Amino acid sequence: MHAGQMTAPQSVWKALPWLMTLILLASLTFFSMSPQFIPKNHQRQHKRLFGSAAARPRCRIEALGSVQQFYDYFRNLEYQCKDLRVFGSRPFRTDGIKYVCLDERFALKPHNCTVVSFGINYEWDFEDDMDEFGCKVHAFDPTMKQLDHQRSPRVFFYKLGIGSVKGKRKIGMNKDIDFFEVDRYENILRRLGLQDSRIDYLKLDVELSELEFLQDVLRSTPHLLRNVAQMGIEIHHGYQGEGVDDKPPLAGALSPTSTFPLFWSHFQELRCHGFRLLHVRSNGPWHEVVWGRSDHWLLGSEEVG
């Protein structure tokens, strides 16, 4: 053996501390990523970052093939409501009518319900009827010349609109476009103290701002939809002649910026989050649509009719 040359046992003993260090680091990494070894107050963040073994399948979005396919969506109800009630009906005035399903599945109980309503335009028919039913109503509209106020013991008004940003922006349709104060759904719920509370009915009649709401909540805060039992939205599709005239400068009904494919993808995303189509009413060129939500209808769960 040459001078300075180590025997095999000596080499092993010298390398042993390094091996032990590597084993220790590997063990710490394994335990740090295991939920059972994470404090309970950090487990929610861990699941968000690393996922869960029980994660649901990804939502599949089918491409829109034609304008006819889009309109066919409104003709195929996915849930037959047995107790469908009309709220906001007045003689010679139908624009404020909203349909609400009172089936036991949705558990909308008189004097124990919450309604969040975007888009009033001085027509309080729906909100007043929900108030009479016994619901607490939070009503929003930035276009009305009224300050925040309490309309009745259960109805509260806020001069604020719904959007995908916080601040002033242009909202409205056709020539009725101006700058108004808007905020995101997440921030509005936090302002009301309802971020973890049940919303029995969420209404939007907001002249195309419903598209911003859907984009924001479905992409950024879809967990907020878990607390919504029913959602009634007037869908302003085909804005400025989409699907009627495909000649320039219109982009065409199936272009990436058209409202048709945008709404189409959001309809499918809502289905993945447990929403089913339960009522549709034509209102001029638009559609008043009502969805109901149930955990049984979540993507990957058992279907219950």
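Residues numbered from 1 in each chain as written. Predicted model: local features only at pLDDT ≥ 70, side-chain atom pairs only at ≥ 80, totals over all residues. Heavy atoms only, no water.

Trainee: Would you mind going over the overall build of the chain with me for this structure?
Mentor: Broken down by element type, the chain carries seven helices and 13 strands. Buried residues in the chain amount to 44% of all 305 residues. Nonlocal contacts in the chain, meaning residues at least 24 apart in sequence, comprise 58% of its contacts between residues at least 6 apart. Element-wise, carbon and sulfur atoms account for 55% of the exposed surface of the chain, whose accessible area totals about 17,500 Å². (Helix = DSSP H or I, 4+ residues; strand = E, 2+ residues; numbered from the N terminus. Buried < 20%, exposed > 50% of the residue type's maximum accessible area, 1.4 Å probe, protein only. Contact = heavy atoms within 4.5 Å. Areas by Shrake-Rupley, 256 points an atom, 1.4 Å probe, with all protein chains shown as cover.)

Trainee: Just checking my understanding: could you explain helix α6 (residues 209–219) for this structure?
Mentor: Think of an α-helix as 3.6 residues a turn; residues three or four steps apart then line up on the same face. Most of α6 sits inside the fold, with nine of its eleven residues counted as buried. Among the residues of α6, those classed as buried are Ser 209, Glu 210, Leu 211, Glu 212, Phe 213, Leu 214, Asp 216, Val 217 and Leu 218. As for α6, its buried residues are in contact with β7 (161–162), β8 (167–173), α5 (185–192), β10 (199–204), β11 (228–235) and α7 (259–272).

Trainee: Could you clarify how one ought to interpret the packing of aromatic side chains in this entry?
Mentor: Two descriptors summarise a pair of aromatic rings, namely the distance from one centre to the other and the angle between the planes of the rings. Scanning the entire structure with this criterion turns up 20 aromatic pairs. Ring centres of Tyr 79 and Phe 106 lie 5.6 Å apart, and the angle between their planes is 80 degrees; on these two criteria the pair is classed as edge-to-face. Of this pair, Tyr 79 sits in the loop between α3 (67–73) and β1 (84–87) while Phe 106 is found in the loop between β2 (98–101) and β3 (113–118), placing the two residues 27 residues apart along the sequence. With respect to burial, Tyr 79 and Phe 106 carry one shared label: buried. Centroid distance Phe 267 to Trp 291: 5.7 Å. Interplanar angle 45 degrees. Geometry classified as tilted. Taken together, the positions of Phe 267 in helix α7 and Trp 291 in strand β13 (residues 286–293) put the pair 24 residues apart, joining distant regions of the chain. Using a relative accessible area of 2% as the deciding quantity, one classes Phe 267 as buried. (Phe/Tyr/Trp six-rings, centres within 6.5 Å; stacked < 30°, edge-to-face > 60°.)

Trainee: What's the story with the side chain of His 266 in this structure? I'm lost.
Mentor: Structurally, His 266 is set in helix α7. Ignoring any residue separated from it by four or fewer positions in sequence, one finds His 266 in contact with Leu 211, Leu 214, Gln 215, Leu 218 and Arg 219.

Trainee: I'm lost on the sheet that holds β3 in this one. Help?
Mentor: Pairing between the strands of a sheet comes from backbone hydrogen bonds, and it takes one of two forms, parallel or antiparallel. Taken together, the eight strands give an open sheet; going across it, the order is β5-β6-β4-β3-β10-β11-β13-β12, and neighbouring strands pair in mixed fashion. Of all the strands in the sheet, just β5 (149–152) and β12 (275–283) have a single pairing partner and so form its edges. Within this sheet the neighbouring strands show an average axis-to-axis angle of 15 degrees, counted without direction. Direction of pairing for β3 relative to strand β4 (residues 135–140): parallel, over a ladder of six bridges. Residue pairing across strands places Cys 113 opposite Cys 135, the latter belonging to β4. This element, helix α4 (residues 125–133), spans β3, β4, β5, β6 (155–158) and β10 of the sheet and lies at about 160 degrees to β4. (Pairing = 2+ DSSP bridges. Axes fitted to C-alpha atoms, helices over the stretch in contact; angles between N-to-C directions.)

Trainee: It is not clear to me how the layout of surface pockets should be interpreted in this structure. Could you clarify?
Mentor: Sizing a probe to match a water molecule and rolling it over the atoms shows the empty space that remains. Here the second largest pocket defines a volume of roughly 540 Å³. For the lining of the second largest pocket, the secondary structure elements donating two or more residues are α4, β7, β8 and β9 (176–183). The residue inventory of the lining of the second largest pocket, partitioned by class, reads eleven nonpolar, eight polar and ten charged. (1 Å grid on protein atoms, 1.4 Å probe; cavity = no way out; pocket = protein on both sides within 12 Å on 5 of 7 lines; lining within 4 Å. Points joined across faces, edges and corners; volume = space filled by probe spheres on them. Nonpolar A, V, L, I, M, F, W, Y, C, P; charged D, E, K, R; others polar.)

Trainee: For this particular structure, what's the right way to read the state of the cysteines?
Mentor: Here is the idea: a disulfide is a covalent bond, and it sits between the sulfur atoms of two cysteines. A full pass over the atoms with the stated rule returns three disulfides. Between Cys 59 and Cys 272 runs a disulfide, and the two sulfur atoms are separated by 2.0 Å. Looking down the S-S bond of the Cys 59 and Cys 272 bridge, the torsion is 75 degrees, so its handedness is right-handed. Of the two residues, Cys 59 is situated in the loop between α2 (40–50) and α3 and Cys 272 in helix α7; the sequence distance between them amounts to 213 residues. Looking at Cys 59, the relative accessible area reads 31%, which means it is partly exposed. Assessed through its relative accessible area of 16%, Cys 272 is described here as buried. Residue pairing for Cys 81: its cysteine sulfur links by disulfide to Cys 101, the two sulfurs lying 2.1 Å apart. The chirality of the disulfide connecting Cys 81 with Cys 101 is right-handed, given an S-S dihedral of about 100 degrees. With Cys 81 in the loop between α3 and β1 and Cys 101 in strand β2, this pair connects stretches of sequence that are 20 residues apart. Each member of the pair, Cys 81 as well as Cys 101, carries the same accessibility label: buried. (Disulfide = S-S within 2.5 Å.)

Honestly, that's just the spatial picture; any functional story needs more than this.
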